[in-house]
Every structure is written in C-alpha cells, then in structure tokens.
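# A closer look at the structure
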Amino acid sequence: MTSTSDPRAAFAAATRATLDVVLDLPAQDLGRSTPCTELDVAALRGPLLPVFRRVAPVGRGGAPADVPPVPAPVEDVDGALRTAADDALAVWSDPALLTRELAHPAGTMPGAALLATYVGELVTHAWDVGTAVGRPVVVADDVVAVGSAASHQLLPRGERPPGFPFGPEVAAPADASPLEALVAWQGRDPRAIA
C-alpha cells in the first residue's frame, strides 16, 4: 500500500511504469501524435527528461528553475531517462527529505507533497505516450491515488490559468478507472485514442 505521507514507493512504481512505456520505442512510433496535442511521442519524451532531472536536484535542495523545461538535444534519450530516473530514486531514498521544505514550481512544500506531485505527472505523461504507441500504462490504483491526491491539491478545478501544467479539467466518464480519472483531471480525454 502506498501513502501520501511517504510517496517514495509510489514514485518508484510510477517511475518503473513510465520507463516501461517510454523506453525502447521503435523509430516509427516517435512521430505519432499523443493526447497531449501539442507534442508527438518524441517531443513528449523530451519533457519527461527534465521531470526526472528536476526531482533529484530539488531533493538535494536545488530550485526547480535550475533545470530547463526543455532539455538540450540528447543523443541517447533512453539512456538519459534511465540515468535521471536512477538518480532521482537514489536521492529520494533518504526519508529525511519527506519532511524537509523543498522548492516546487508551485511554491515551497514538504518533500512528501512535492514527490507525490511527480507521481501524477509521470503517470499522466506515461499514459500520453502509451496511448499513442499502444503500450498501456500498468500501474496500481493506489499509486495513481497518490498522484491524483497531490494533483487535486495543486491544480485548480476547471480552466487552468496560464503557466499551470496540464490543460483544463476534462469530465471523466462515470465508469472511469482511477488512471482515467487522473488523466481527465490533468486535461486529457481518457477515452481518446491518439
């Protein structure tokens, strides 16, 4: 069972689920459109790299703005994603980070709350890529619940002001799975096929 007071297991599970979807993609899949309409698969894998690259330095006490939102071109995106994910997991193995006040793009917050926001972000972007390439995201509902709880605390309902990550909330179907409800909250049509 994962917890919002210690989201490290959820972050590790979200990381594994994300990497399972976004790594080792055939070249012909990289140009596919995603539910994140402004980005194709290759372009969406790019922003995932700074997400992973941000989680470790922020855990070390750095500022989110220290990591550019769009990475410089990387020859081996798969290798860079693996390395950045491993670094993030290693940094966050320290339980002292959970109560430390750390910088997040939305403001300073306890490490546990900060890490939980990245659970929702990773799972949503994994869903974007998985939907585009036909690789479903395999992640437990309790992991999704950690990211969803954090996202609901961070993002306003309905229309999102400029500068907020993710688009306006989309109505989730009544029979939506927890993952579908999360991606709808984060501005995706959960039943869309890219």
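Up top is the structure.
The text that follows walks through the structure, step by step, so that each part is easy to find. Model, not experiment: these values are computed from the prediction. (Residues numbered from 1 in each chain as written. Predicted model: local features only at pLDDT ≥ 70, side-chain atom pairs only at ≥ 80, totals over all residues. Heavy atoms only, no water.)

Of all eight residues making up helix 6 (residues 178-185), six are buried, and the element is well covered by its neighbours. Within helix 6 the residues assigned to the buried category are Leu179, Glu180, Leu182, Val183, Ala184 and Trp185. Where the residues of helix 6 are buried, they touch helix 4 (111-133) and helix 5 (141-154). One or two residues past the end of helix 6 sits Gly187, with phi positive at roughly 95 degrees. (Buried < 20%, exposed > 50% of the residue type's maximum accessible area, 1.4 Å probe, protein only. Helix = DSSP H or I, 4+ residues; strand = E, 2+ residues; numbered from the N terminus. Contact = heavy atoms within 4.5 Å.)

Turning to the environment of Thr15, a few remarks are in order. With respect to the helices and strands, Thr15 occurs in helix 1 (residues 8-22). Taking the C-alpha atoms as reference points, Thr15 and Val123, 108 residues apart in sequence, are found 8.1 Å from one another. Excluding residues that lie within four positions of it along the chain, Thr15 makes contacts with Phe52, Ala85, Leu89 and Leu122.

On to the environment of Gly147. Relative to the elements of secondary structure, Gly147 occurs in helix 5. For Gly147, a relative accessible area of 0% puts it in the buried group. A sequence separation of 24 residues divides Gly147 from Val123, and the C-alpha atoms of the two residues are 7.9 Å apart. If near-sequence neighbours (up to four positions away) are discounted, Gly147 is found in contact with Ala116, Val119, Gly120 and Leu182.

Summarising the sheet, strand 1 (residues 101-104) and strand 2 (residues 107-110) pair through four bridges and their orientation is antiparallel. Bridge pairing in strand 2 places Leu102 opposite Met109. (Pairing = 2+ DSSP bridges.)

The next subject is the pairing of strand 1. Here strand 1 shows a buried face lined by Leu102 and His104 and an unburied face lined by Glu101 and Ala103. The turn joining strand 1 and strand 2, which pair antiparallel and follow one another in sequence, is formed by two residues.

Now for helix 5. Compared with an ideal rise of 1.5 Å per residue, which puts 14 residues at 20 Å, helix 5 spans 20 Å between its outermost C-alpha atoms and is within 8% of the ideal. Of all the positions in helix 5, only Val143, Val144, Val146, Gly147, Ser148, Ala150 and Ser151 are classed as buried. Contact partners of the buried residues in helix 5: helix 1, helix 4 and helix 6. (Expected span 1.5 Å × (residues − 1).)

Let us look at the nonpolar core. By size, the foremost hydrophobic cluster in this structure holds 52 residues, and its most contacted members are Phe11, Val22, Phe52, Leu81, Trp92, Val129 and Val137. Of all the secondary structure elements, the ones that give two or more residues to this core are helix 1, helix 2 (41-59), helix 3 (77-91), helix 4, helix 5 and helix 6. Here this core takes 13 residues from helix 4, the largest share from any one element. In contact with Val137, other than residues within four places in its own chain, are Ala17, Val21, Ala126, Trp127 and Leu179. (Core = buried A, V, L, I, M, F, W, Y, C linked by side-chain atoms within 4.5 Å.)

Moving on, we come to the pattern of salt bridges. Applying the stated criterion to the full structure yields eight salt bridges. With a shortest N-O distance of 2.8 Å, Arg8 and Asp6 are connected by a salt bridge. Overall, the relative accessible area of 28% leaves Asp6 in the partly exposed class. Across the salt bridge formed by Asp175 and Arg191, the nearest N and O atoms sit 3.0 Å from each other. Of this pair, Asp175 sits in the loop between helix 5 and helix 6 while Arg191 is found in the segment after helix 6, placing the two residues 16 residues apart along the sequence. The class of Asp175 is exposed, set by a relative accessible area of 56%. For Arg191, a relative accessible area of 41% puts it in the partly exposed group. Members of the salt-bridge network, linked through shared partners, are Asp175, Glu180 and Arg191. (Salt bridge = Lys/Arg side-chain N within 4 Å of Asp/Glu carboxyl O.)

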